[in-house]
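Examination of the molecular architecture
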Amino acid sequence: MASRLPPLRGVLLWLHFFLLIGLGTAYKPLSDGFLRAIPSPGDEFNIDNSTGILAPLLIPRVPGTAGQVVAQRHLVDYFQRELPKWTITWQNSTQKTPTSKNTELPFANLIIRREPPWVKPGQTNFLTLVAHYDSKLKPDGFIGATDSAAPCAMIMWAAKVVDGYAQQMYDEMSELGEGGDVDMDMGIQILFLDGEEAFETWTDTDSLYGSRSLSNFWVNSPNPPAQKFYKYKTPLSQISLFMLLDLLGSSEPSVPSYYTTTHWAYRAFSNVESRMRSLNLLESSPPSPFLPDVNKTMALGGISDDHLPFIWRGVETLHVIPQPFPRVWHTSADDGPHLDMKVVRDWARIVAGFMLEWLDMMEVWSGEEPEAGSTLAIHDGR
Ligand SMILES: [Zn+2]
């Protein structure tokens, strides 16, 4: 008997259409000129530059030790100094670990946000950039440059790149009275999570101390009743995409697309990389792209990481972690000198490009566009 159902392909197309609509606004690719205007972190990522972004994080950062506090201060100082319009809040917990005997260790997640000026609490949808800032207890003196000092630095840099355009966007929207529509109320949220690492052996209870605490806190933090007509019941549902960076900074990374529901975002991210490469804007020249999995054939299952407590509560995740892991993973060699700095700087710019595109910043771009065929000097400032 003939089926009256529409052909599967048609259904999938409609599904795709509704997903795109559901996820919000027009997704307009950045122009070539805009991609060229994304600056390199340059000396900010120099591992010997003690006043830069990266070097101060290249220390042991174990919860409950002095290094944890130094790292926290660096993250906070940076935003207070360079990005004063971002709000900083802490989510604290204390928990016992297998190595802390009966002492509760402090775990402190940092939540840093840039929101449109017109929003009420619970109204903004957040592109959420995430990395853990703690480091592993063992081996002694472990730095965790890729795990995840460098990813933290990439996010810090990308936030600075995006900030000026966000201001312009918010100013223009305020002037035109465009704010207030749920989809247009886009903000940026950064989570620097604590206590990702196991103290002894990775188990459900010895790992992810910070992310378990934060997701638990948020699921129990309903937004104010006055805002209930918005679709965001809790801070968890305000996360439009949970973009988790981990183990980045080694040579020749290969990051698969782990989740079907965010594969479209992976493709957009990958597209930014390939366009930047074809415009000669990136410094590294790997044999294959960092984000090669556009047909989603590479990833077999997910990897345990800070996204799990969020994904279990329905948060959409883009997990940016390479397979295989870096060779230096969880060894004393995961330090500053073993980073591939071209790769680290390239990641920072690709992430910034993806954020600008997600936030629809072509709306405010008015910079120069190179004429077709012309070559601009693009290697300045490195
Ligand atoms: Zn680790």
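Here the structure is a predicted model, which means the values were calculated and not measured.

**Looking at the coordination of the zinc ion**
Within the protein, the zinc ion binds to Asp 147 (OD), Asp 147 (OD), Glu 197 (OE), Glu 197 (OE) and His 330 (NE2); these donor distances fall in the range 2.0 to 2.8 Å. All donor residues of the zinc ion come from one chain, and their arrangement in sequence is D-x49-E-x132-H. You can see Asp 147 sitting in helix H4 (residues 145-176) and its partner His 330 sitting in the loop between strand E6 (317-320) and helix H8 (341-358), a full 183 residues away along the chain. Judged by its relative accessible area of 21%, His 330 is partly exposed.

**Observations concerning the pattern of salt bridges**
Taken as a whole and assessed by the stated rule, the structure comprises seven salt bridges. Of the charged contacts in the structure, one is a salt bridge between Asp 163 and Arg 114, with a shortest N-O distance of 2.9 Å. In this pair, Asp 163 sits in helix H4 while Arg 114 sits in strand E2 (residues 105-114), placing the two residues 49 residues apart along the sequence. Each member of the pair, Asp 163 as well as Arg 114, carries the same accessibility label: buried. A salt bridge links Arg 345 to Glu 283; the shortest N-O distance between them is 2.8 Å. Of this pair, Arg 345 sits in helix H8 while Glu 283 sits in the loop between helix H6 (263-278) and helix H7 (308-311); the two residues are 62 residues apart in sequence, bridging distant segments of the chain. Side by side, Arg 345 and Glu 283 carry an identical accessibility label, which is buried. Residues joined in a network through salt bridges with shared partners are Arg 81, Glu 82 and Lys 160.

**Let's talk about the pairing of E6**
Of the two faces of E6, the one holding Thr 317 and His 319 and the one holding Leu 318 and Val 320 are both buried throughout. Examined bridge by bridge, strand E5 (residues 239-245) and E6 share four bridges and lie parallel to one another. Within E6, the residue paired with Phe 242 across the bridge is Thr 317.

**Comments concerning a negative patch on the surface**
A contiguous patch of negative charge on the surface is contributed by Asp 171, Glu 172, Glu 175, Glu 178 and Glu 363. Among the structural elements, Asp 171 can be located in helix H4. Residue classification places Asp 171 among the partly exposed residues on the basis of a relative accessible area of 39%.

**Structural notes on the side chain of Ser 93**
Relative to the assigned elements, Ser 93 resides in strand E1 (residues 87-95). Among the polar contacts listed, one links the side chain of Ser 93 to the side chain of Ser 213, at a separation of 3.4 Å. If near-sequence neighbours (up to four positions away) are discounted, Ser 93 is found in contact with Leu 105, Pro 106, Phe 107 and Ser 213.

**Side note on helix H5 (residues 209-219)**
Three or more residues of H5 are buried, namely Tyr 209, Gly 210, Ser 211, Ser 213, Leu 214, Ser 215 and Trp 218. Contacts made by the buried residues of H5 are with E1, E2, strand E4 (186-193), E5 and H7.

**Considering the environment of Asp 194**
Here Asp 194 lies in the loop between E4 and H5. Using a relative accessible area of 0% as the deciding quantity, one classes Asp 194 as buried. Apart from the residues within four sequence positions on either side, Asp 194 is in contact with Pro 63, Gln 68, Gln 72, Pro 106, Phe 107, Ala 108, Asn 109, Tyr 133, Asp 134, Tyr 209, Gly 210 and Ser 211. Among the polar contacts made by the side chain of Asp 194, one reaches the side chain of Gln 68 at a distance of 2.6 Å. Of note is the side chain of Asp 194, whose polar atom sits 3.2 Å from the side chain of Tyr 133.

**Looking at H6**
For H6, built from 16 residues, the straight-helix expectation of 22 Å at 1.5 Å per residue is met to within 8% by its first-to-last C-alpha distance of 22 Å. Along H6, the residues classified as buried are His 263, Ala 265, Tyr 266, Ala 268, Phe 269, Ser 270, Val 272, Glu 273, Arg 275 and Met 276. The secondary structure elements touched by the buried residues of H6 are helix H2 (32-36), E5, E6 and H8. One or two positions beyond H6, positive phi appears at Asn 280, with a value near 60°.

**Side note on unusual backbone geometry**
A cis amide bond, omega -5°, links Lys 138 with the succeeding residue Pro 139. Mapped onto the elements, Pro 139 comes out in the loop between strand E3 (125-132) and H4. Phi at Leu 247 is positive, roughly 55°, even though this residue is not glycine. Topologically, Leu 247 is positioned in the loop between E5 and H6. Assessed through its relative accessible area of 4%, Leu 247 is described here as buried.

**Some details on the packing of aromatic side chains**
For the structure shown, the criterion picks out 18 aromatic pairs. An aromatic cluster is defined as three or more aromatic residues linked by ring pairs; in this entry it consists of Trp 264, Phe 269, Phe 290, Trp 347, Phe 354 and Trp 358. For the cation-ring pair, Arg 212 lies above Tyr 209, with the distance from its terminal atom to the ring centre recorded as 5.3 Å. In this structure, Arg 277 packs its charged tip against the face of Phe 290, placed 4.7 Å from the ring centre.

Calculation rules
- Residues numbered from 1 in each chain as written.
- Predicted model: local features only at pLDDT ≥ 70, side-chain atom pairs only at ≥ 80, totals over all residues.
- Heavy atoms only, no water.
- Donors = N, O, S within 2.8 Å, 3.2 Å for Na, K, Ca; no water.
- Helix = DSSP H or I, 4+ residues; strand = E, 2+ residues; numbered from the N terminus.
- Buried < 20%, exposed > 50% of the residue type's maximum accessible area, 1.4 Å probe, protein only.
- Salt bridge = Lys/Arg side-chain N within 4 Å of Asp/Glu carboxyl O.
- Pairing = 2+ DSSP bridges.
- Patch = residues over 30% accessible without salt bridge, like charges linked within 9 Å, V, L, I, M, F, W, Y side chains within 5 Å.
- Areas by Shrake-Rupley, 256 points an atom, 1.4 Å probe, with all protein chains shown as cover.
- Lys, Arg positive; Asp, Glu negative; His and termini not counted.
- Charge placed at Lys NZ, Arg CZ, Asp CG, Glu CD.
- Polar contact = N/O pair within 3.5 Å; in protein donor to acceptor, adjacent residues only side chain to side chain.
- Contact = heavy atoms within 4.5 Å.
- Expected span 1.5 Å × (residues − 1).
- Phe/Tyr/Trp six-rings, centres within 6.5 Å; stacked < 30°, edge-to-face > 60°.
- Lys NZ or Arg CZ within 6 Å of the ring centre and 35° of its normal.

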